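# Reading the structure
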Amino acid sequence: MIINLRAILHGHQRFDFILEPDWWEGNEENGQIMGLAAPLKVHMNISRLGERHLLEGSLSGVVLVWCARCLESYHRDLATEFRLFLTSLPANTDQNELELSEDDMWVDFVAGDEVNLLEIVREQIYLSLPMKTLCREDCFGLCPRCGTNLNKKKCSCERENGDQSFSKLKNLKVNGS
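One structure accompanies this document, and this report is about it. The written sequence of each chain sets the order in which its residues are numbered from 1. A pLDDT threshold of at least 70 governs which residues receive local features in this predicted model, and a stricter bar of 80 or more applies before side-chain atom pairs are shown or counted, although totals over entire chains, interfaces and linings include all residues. Hydrogens and water molecules were not included; the side-chain quantities draw on all heavy atoms of the structure.

### Overview of the overall build of the chain
If you tally the helices and strands in the chain, you get one helix and eight strands. Think of it this way: any DSSP run of H or I at least four residues long counts as a helix, any run of E at least two long counts as a strand, and we number them from the N terminus. When the elements of the chain are put in sequence order from the N terminus, they spell out β-β-β-β-β-β-β-β-α. Each residue is placed in one exposure class: buried if its accessible area under a 1.4 Å probe, protein chains only, is under 20% of its type's maximum, exposed if it is over 50%, and partly exposed if it falls in between. A buried classification covers 32% of the 177 residues belonging to the chain. Here, two residues are considered to be in contact whenever any of their heavy atoms come within 4.5 Å of each other. Contacts spanning at least 24 positions in sequence make up 57% of the contacts within the chain whose residues lie at least 6 apart. Each accessible area is a Shrake-Rupley estimate made with a 1.4 Å probe; only the visible protein chains count as cover when residues are assessed. For the chain, the computed accessible surface area is about 12500 Å², with 48% contributed by carbon and sulfur atoms.

Here's what the structure looks like:
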């Protein structure tokens, strides 16, 4: 869904749409998000502010993600609001080589006069998720020896307490003086 920003001169333009689960293309290898588990509702307002445009929006739906501890997939509710400024790239700047200041974290640089709203939606989905997604706060994860999902069953592997990097020290004999 490509929008021409030059068409928004005064006031604002509202975009309300629903993205079906088959919209998501999980093309990244080992990606955190597997897809949408339900339709995603999108609401956006774009208004002109001098040389920039203000984009305010919200997303709500359910995404299918991987748990970072047990590697099982689970449904995670998604409800987020966002606000960012759309501005043209500075002249003679390569988009891959642009140095950002702290003030630029809420700015999305666009090349030309068009912006793809679907790319912004995808970006906002990623930004709304934590760095590590967990199926539940007390997820036990996988056994480091046999790989059993400890949320489903207990394995018979022997567990050693403490940090394994210090395991050689337990055999160290100290001579008393």
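### Things to note about the pattern of salt bridges
A pair can form between side chains of opposite charge whenever their charged atoms are brought close. Salt bridge, as used here: a side-chain nitrogen of Lys or Arg that lies within 4 Å of a carboxyl oxygen of Asp or Glu. Counting across every chain of the model gives four salt bridges. Across the pair Glu56 and Arg83 runs a salt bridge whose closest N-O atoms are separated by 3.5 Å. One end of the pair, Glu56, is in strand S5 (residues 52-66); the other, Arg83, is in strand S6 (residues 73-88), with 27 residues separating them in the sequence.

### Structural notes on unusual backbone geometry
Within the chain, Leu71 stands out as a residue other than glycine whose phi angle is a positive 65°. Within the secondary structure layout, Leu71 lies in the loop between S5 and S6.

### Things to note about the environment of Trp24
Counting through the fold element by element, Trp24 comes out in the loop between strand S2 (12-19) and strand S3 (33-36). Residue classification places Trp24 among the buried positions, given a relative accessible area of 7%. When the C-alpha atoms of Trp24 and Val63 are compared, they prove to be 9.8 Å apart, with 39 residues separating the residues in sequence. Among residues more than four places away in sequence, those in contact with Trp24 are Ile33, Met34, Gly35, Leu36, Arg122, Ile125 and Tyr126.

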